[in-house]
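# Structural features, examined
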Amino acid sequence: MIDPIALVLDEAARREAFPACRAQIFLGHAGVTVLPRAVADAMIGYIRGSCEQHQEFGEVLARVNEARGVSAAFIGAHPDEIALLGPTSLGLSLFANGLPWREGDELLCYADDYPANVYPWMELARRGVTVRYLHPERPGEITPALVEAALTERTRLVALASCNFLTGYRIDVDAIGRLLRGRGVLFSLDAIQTLGAAPLSVEHVDFLSADAHKWMLGPMAIGIVFVRREHFELLRPTLLGAWNVRSPNFITQPEIVFQATAQRYEPGVLNVAGVYGMRAALDLIAAAGIDRVHARILSLKNAVTEPLLAAGFQFAGPIDGPAASAITTFHHPARDAAGLFRALEQRNVVASLRFDRGGRQYIRLSPHFYNTLDEMARVVEILIEALGD
């Protein structure tokens, strides 16, 4: 495969590989990505084959197993620890609902994470679990010290996002994970705002869920669900079917015996077209190299933050340092963010309009490695022009 990052040096090749570039500046990867051509082609190829043969034709199961391996390598796991499920909330709900909670158990989470990583844990209050919330000094700034100070003898699990969807604050997954492992506390991670944009390892994580439709550059409703092998018996599957419960010759057995791998969390037929697309997307990112992808994204971020700071814009999260991420969120104290957002829309720039709990509006930019410095300069130009309108 051609080095994907090298494509940015050849505009014709970039537009061929990422067709959305032809008509717009797409900076919405923290929302729902556009698909690279290779991803769409992989899905189309599978769908075309499925109109000539049945949908589980010869190579399909082999390709599914290959996708498990690629997904596992992407996060430093074993293929047996990977379930191919999406969206992210499905995996998080499997974690919340499958653990054997006891009356009085406590869990920690953050109320201003994306709702998909809050509601599954909130619901556990109905089962006698005490749900406690972290309160950082600044939105999304979940530090190891903050987590440690909130732990009690009854804390059973901490559920966090790898990166805050609004501010872009990227937590220290390894440091928090080591802390929790040392205290015997389980660690669940919503990794959708990091996987595909920055390196991430599950070495110190117990459970992880991330759909492919953001930074992984993949389709919706398929993703990576990781369960550490040692927790298979602890985390009981709560969705059951013929795929995850052993059913020789498709005959119901007198007892429920789950598959020996993380397939035990996949109750039935998979989103196979999505699996093909996600595999192609992960291959693309692997060819680019995740460290290079991350460095490239941060250089694009820097190209925006410096001139916007000079123009009086204020940022909601870190713009540099180890907690900085691919997400760049800002507002201008003298201008309505919705108006600035419309100015971007009118000039074919895809960004996101987001709000904090107090109702303040922000513009969120989320470029990926295939965006260019020229595109970033154009976005800055549009925003600064809009200040004068």
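Given the structure is predicted, the values throughout are model-derived calculations rather than measurements.

Rules behind the numbers
- Residues numbered from 1 in each chain as written.
- Predicted model: local features only at pLDDT ≥ 70, side-chain atom pairs only at ≥ 80, totals over all residues.
- Heavy atoms only, no water.
- Buried < 20%, exposed > 50% of the residue type's maximum accessible area, 1.4 Å probe, protein only.
- Helix = DSSP H or I, 4+ residues; strand = E, 2+ residues; numbered from the N terminus.
- Pairing = 2+ DSSP bridges.
- Core = buried A, V, L, I, M, F, W, Y, C linked by side-chain atoms within 4.5 Å.
- Contact = heavy atoms within 4.5 Å.
- Phe/Tyr/Trp six-rings, centres within 6.5 Å; stacked < 30°, edge-to-face > 60°.
- Expected span 1.5 Å × (residues − 1).
- Arc of directions from axis to C-beta.
- Axes fitted to C-alpha atoms, helices over the stretch in contact; angles between N-to-C directions.
- Parallel < 35°, antiparallel > 145°, perpendicular 65-115°, else oblique.
- Nonpolar A, V, L, I, M, F, W, Y, C, P; charged D, E, K, R; others polar.
- Salt bridge = Lys/Arg side-chain N within 4 Å of Asp/Glu carboxyl O.

### Topic: the pairing of strand β7 (residues 207-211)
The buried fraction of β7 is high, at five of five residues. Of the two faces of β7, both are covered, the one formed by Phe 207, Ser 209 and Asp 211 as well as the one formed by Leu 208 and Ala 210. Judged from the three bridges that link them, strand β6 (residues 186-190) and β7 form a sheet pairing that is parallel. Each bridged residue has a counterpart across the sheet, and for Ser 188 the counterpart in β7 is Phe 207. Note: β7 against strand β8 (residues 223-227), five bridges, orientation antiparallel.

### With respect to the pairing of strand β10 (residues 328-331)
Residues in a regular strand project their side chains so that they alternate between the two faces of the sheet. Covered by surrounding structure in β10 are Thr 328 and Phe 330 together with Thr 329 and His 331, the residues of both alternating faces. Relative to β10, strand β9 (residues 314-315) runs antiparallel, the two being bridged by two bridges. For Gln 314, the partnering residue across the bridge sits in β10 and is His 331. Alignment of β10 against strand β13 (residues 361-365), held across three bridges, turns out to be antiparallel. Within β13, the residue paired with Phe 330 across the bridge is Ile 363.

### Some remarks on the nonpolar core
Nonpolar side chains tend to gather and get buried jointly when the protein is soluble and globular. Counting 73 residues, the largest nonpolar core has Val 147, Leu 195 and Leu 208 as the members making the most contacts within it. Element by element, the count of residues in this core is highest for helix α8 (residues 272-288), at eleven residues. Not counting residues within four places of it along the chain, the set of residues in contact with Leu 195 comprises Phe 74, Ile 75, Leu 200, Leu 208, Ala 210, Trp 215, Met 216 and Ile 224. Within the second largest apolar cluster, 25 residues are counted, among which are Ala 338, Phe 341, Leu 365 and Met 376.

### Some words on the packing of aromatic side chains
Considering all chains together, one arrives at nine aromatic pairs under this definition. Between Phe 313 and Phe 330, the ring centres sit 5.5 Å apart and the planes meet at 90°, which makes this aromatic pair edge-to-face. Remark: Phe 330 occurs in strand β10 and Phe 313 occurs in the loop between α9 (290-310) and β9; sequence separation between them is 17 residues. Note on accessibility: Phe 313 and Phe 330 belong to one class, buried.

### Let's talk about helix α11 (residues 373-387)
For α11, built from 15 residues, the straight-helix expectation of 21 Å at 1.5 Å per residue is met to within 8% by its first-to-last C-alpha distance of 21 Å. Those residues of α11 not exposed but buried are Glu 375, Met 376, Val 379, Val 380, Ile 382, Leu 383 and Ala 386. Mapping the buried residues of α11 onto a view down its axis gives an arc of 160°, with all of them on the same face.

### Things to note about the packing of α8 against α9
If you want to describe how two helices pack, look at the angle between their axes and the distance between the axes. Where α8 meets α9, the axes come as close as 6 Å, and the angle between the chain directions of the two elements is 80°. Relative to α9, α8 is oriented roughly perpendicular. Taking contact as the criterion, the partners of Ile 285, Ala 287 and Ala 288 in α8 are, on α9, Ile 290, Arg 292 and Val 293. A class-by-class count of the residues in the contact of α8 with α9 yields five nonpolar, no polar and one charged.

### Overview of the pattern of salt bridges
Scanning the entire structure with this criterion turns up 21 salt bridges. Linking Arg 22 and Glu 16 is a salt bridge whose minimum nitrogen-to-oxygen distance equals 3.3 Å. For Glu 16, a relative accessible area of 42% gives the class partly exposed. Residue Arg 37 is joined to Glu 16 by a salt bridge in which the shortest nitrogen-to-oxygen separation is 3.3 Å. With Arg 37 in helix α2 (residues 37-50) and Glu 16 in helix α1 (residues 11-17), this residue pair connects regions lying 21 residues apart in the sequence.

Function cannot be read off these values alone, since they describe shape.
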